[in-house]
Amino acid sequence: MSKARLLQHSSTILCATGGFACIFVVVSVIMSTDEPRELSRRTEISLAAVEDYVIKNINPENIRQFLRYLTRQPHLGGTEAEKEVAQWVAHTWQQQGLDQVHLVPYHVLLSYPDPIIPNLVRIVDGENNTAWVSAARQKPLYAPEEASLDIPFTFNGYAAHGNVTGDVVYAYYGREQDFDFLAKSGINISSKIVLARYGKIFRANIAKMAETKGAVGVVLYSDPADYAPNGSDFVYPHSSYMPPSAAPFGTVKLVDGDPLTPFYPATESAFHIPEEEAPIPKIPVQPIGYEDAWQILSRMGGTVAPVDWQGSLNITYHLGPGFVNPGWTLNLDVNNNNTQTTTHNVVGIITGHEEPDRYVILGNHLDAWILGALDPNSGTAAMLELSRVLLQLHNETGWRPRRSLVFCGWGAEEYGIVASVEWTEQFGKQLSDRTIAYLNVDMAIEGNYTLRTQSTPLLTDAIFQSAQRIPNPDPVELAAGRKTVYDTWKARRPDRHQSDKPQMQFIGSGSDYKGFQHNLGIPCMDICYTHDNNTIGDPMYHTLYETFALVDEIYDKGFYFHSAVTALWGDLAVVLAESKILPFSLVTYATFIIGAQQDIFENYGELISSQNISWQFFADAAQAFNASVAVFTESLNTLDLNSDLAVRRVNDQLMMVERAFIDPLGLPGRPEYK
Ligand SMILES: [Zn+2]
């Protein structure tokens with residue numbers, strides 16, 4: 001074991017090589033494994049041989065062991081348990097032999113349930129007695145760790161502390177059109193408690209809309225129609241469908257990053273705005289299980305809800321307001337506290353040989369709402385095995401990538417992408433100047449059916465090509481003649497317009513790629529093996545039942561799907577770090593923009609014309625981009641690949657393409673989306 005030492009730094013040092021060493025010294029604590037050392041040699045190994053090595057050397061049992069360790073206890077963002085995970089990841093990378101390993105702390109506002117007084121929902125009768133009270137915690141059903149005393153009381157992150165009583169109104173999925181329907185039906189939600197279903201929109205938007213319309217509280221639940229469609233016998237631990245006591249956690253904060261340091265890193269020296277001004281909910285919000293939602297819904301009065309608003313609980317759903325029994329009310333008692341605390345990122349680097357100042361960044365978050373076996377630790381386990389394989393190749397042969405590979409474990413993602421956004425705020429200028437791509441794996445698996453990917457169009461072709469190299473982890477699919485991950489992906493989830501290609505979703509903003517893609521214009525992607533559960537998302541998402549046993553016994557016996565995702569992630573990273581000319585799909589990007597431009601025109605053309613706005617400028621710009629892409633692509637044919645300057649010039653142009661779409665002022669009313 002190497003002797004880790006902690007260095008205190010207080011100033012910025014510019015270093016000549018321009019590597020990460022210079023940008024991290026501004027953080028207060030740096031962990032270093034060693035005295036500064038000469039970069040060990042680079043052996044020339046073909047890209048194909050490196051790819052082959054990575055794919056063949058991933059060991060599923062290692063991933064299993066990493067996941068077993070990571071899921072033994074809850075590790076909420078900003079807690080001692082999260083810090084222990086961060087230190088363990090740092091230690092693992094030091095042992096594997098990464099060139100540098102850093103812990104990067106941020107002082108941020110997070111939110112926790114009270115350790116003693118649980119959050120409860122009560123039905124109160126006409127004489128002020130409690131007729132029913134909700135569960136404080138989700139019931140342990142199978143794995144021993146579900147019963148740990150460290151499991152937090154059920155809560156939504158940043159839901160306001162408060163005790164409110166009122167009539168309950170059922171608001172379906174809590175979307176704008178659902179609140180509009182209630183208003184049209186003559187149901188005013190002012191001073192009411194809204195009961196809404198998870199599933200169609202981000203829960204923070206439900207809370208915000210309810211608060212804006214005057215509701216005093218929100219209760220969220222997941223209807224079995226959406227998350228347990230095959231009935232109560234087919235739920236965890238017998239299947240991966242949601243059991244009645246599952247109450248998914250989740251943040252109800254809308255703005256990403258630390259709420260007290262908007263647009264600036266939450267370092268010790270940062271100015272923090274007062275908490276009253278923070279963009280967080282002002283009303284209490286609380287998740288409950290569907291067995292508890294039944295207790296409320298089965299007692300509700302008022303108009304019968306429309307047919308499509310009915311769920312699959314064995315009752316007729318009513319809109320309210322209030323209960324059948326006169327004088328009965330709903331009480332919501334939320335005892336969460338907002339706390340300024342420290343969360344940590346871990347950053348580990350394999351320094352590139354020819355271009356150390358060009359970074360291919362890989363990342364996954366470390367914090368989990370509870371045990372986190374899928375979200376995020378299936379991804380953490382994959383990342384640790386990938387770094388192990390790359391270091392093994394280095395140790396055996398002296399291989400080193402052309403460009404630097406940077407591995408990141410992020411803190412407090414679940415609270416609204418906190419510590420990765422702070423990092424992109426702190427190091428934005430350097431990252432913008434030097435980063436080739438950011439490759440995120442929030443979860444390696446949430447099922448075993450097919451690949452789910454999100455990407456900027458710039459990375460689409462590279463992802464397709466890597467997926468064609470990864471052996472199919474599914475024996476049934478292999479027997480059907482589909483040899484690779486790509487083959488199953490194309491067969492089970494084809495593109496809607498071109499059925500000879502798999503479906504690639506455009507990158508969103510729901511994980512740690514947000515700061516890279518939407519603030520800095522760094523090309524991003526996210527991959528995951530997903531399910532075909534006929535549910536709205538993963539039924540176990542953010543519940544107590546995301547256990548090691550769920551993964552080990554139901555989703556991925558043998559960890560072959562984890563291995564496939566690890567191999568795909570690694571292959572793509574190696575291709576981006578090693579290719580002499582960056583494998584960015586400019587033609588795909590130009591085609592995407594022209595298609596998107598036409599889609600917008602078809603859907604909103606009339607509205608745009610009615611505002612006296614000309615569409616022609618956008619159409620011309622899209623065509624001009626397409627023409628430039630053709631000229632640039634043509635010029636690559638005559639590029640002198642032996643000229644380091646010529647290669648660097650072309651790669652720099654490619655690296656900056658995505659940045660060209662960044663508007664420093666952001667979207668109107670949403671300055672955090674640039
Ligand atoms: Zn996650």
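Residues numbered from 1 in each chain as written. Predicted model: local features only at pLDDT ≥ 70, side-chain atom pairs only at ≥ 80, totals over all residues. Heavy atoms only, no water.

Engineer: Any details on the coordination of the zinc ion? Residues and values, ideally.
Structural biologist: For the zinc ion, the protein coordination sphere consists of His 365 (NE2), Asp 375 (OD), Asp 442 (OD) and Asp 442 (OD), at 1.9 to 2.6 Å. Around the zinc ion, the four donor atoms sit at angles spanning 55 to 146 degrees, and that spread fits a shape best called irregular. Every donor residue of the zinc ion comes from the same chain, spaced as H-x9-D-x66-D. Linking His 365 in strand E15 (residues 355-365) with Asp 442 in the loop between strand E17 (435-440) and strand E18 (450-455), this pair joins segments that are 77 residues apart in sequence. Assigned by exposure class, His 365 and Asp 442 land together as buried. (Donors = N, O, S within 2.8 Å, 3.2 Å for Na, K, Ca; no water. Tetrahedral: all angles 85-135°; square planar, octahedral: opposite > 155°, others 65-115°. Helix = DSSP H or I, 4+ residues; strand = E, 2+ residues; numbered from the N terminus. Buried < 20%, exposed > 50% of the residue type's maximum accessible area, 1.4 Å probe, protein only.)

Engineer: Could you give me a rundown of the domain arrangement of the protein, with the residues and numbers involved?
Structural biologist: Per the domain assignment, the segments making up the protein are domain 1 (3-105 + 342-443 + 451-578), domain 2 (117-339) and domain 3 (586-659). For domain 2 versus domain 3, the distance between C-alpha centres works out to 44 Å. (Domains from an automatic or database assignment.)

Engineer: Before we move on, could you go through the side chain of Glu 51 and cite the residues and values that matter?
Structural biologist: By the secondary structure assignment, Glu 51 is in helix H2 (residues 47-57). A residue is classified by how much of its surface remains accessible, and Glu 51, at 7% relative accessible area, is buried. Here Glu 51 is in contact with Arg 469, Asp 571, Val 574 and Val 575, once residues within four sequence places are set aside. (Contact = heavy atoms within 4.5 Å.)

Engineer: Any chance you could break down the sheet that holds strand E7 (residues 162-166) for me, citing the residues and the numbers?
Structural biologist: The strand order E5-E4-E13-E7 describes an open sheet built from four strands, whose pairing is antiparallel. The open sheet has two edge strands with one neighbour each: strand E5 (130-133) and E7. Mean inter-strand twist for the sheet, computed between neighbouring axes without regard to direction, equals 20 degrees. Pairing geometry for E7 and strand E13 (residues 329-334), over five bridges, is antiparallel. Pairing of Thr 165 across the sheet is with Asn 331, part of E13. (Pairing = 2+ DSSP bridges. Axes fitted to C-alpha atoms, helices over the stretch in contact; angles between N-to-C directions.)

Engineer: Give a description of the pairing of strand E10 (residues 217-221) that names residues and reports values.
Structural biologist: For E10, a buried count of five out of five residues is recorded, marking the element as mostly surrounded by other parts of the structure. Bridging between strand E9 (residues 193-197) and E10 involves five bridges; their strand directions are parallel. Among the inter-strand pairings, Arg 197 is bridged to a residue of E10, identified as Tyr 221. Remark: the E9/helix H6 (residues 203-212)/E10 crossover connection has right-handed handedness. Note: E10 against strand E12 (residues 285-287), three bridges, orientation parallel. Residue pairing in the sheet places Leu 220 in a bridge with Pro 287 of E12. (Right-handed = clockwise from strand over helix to strand, strands pointing away.)

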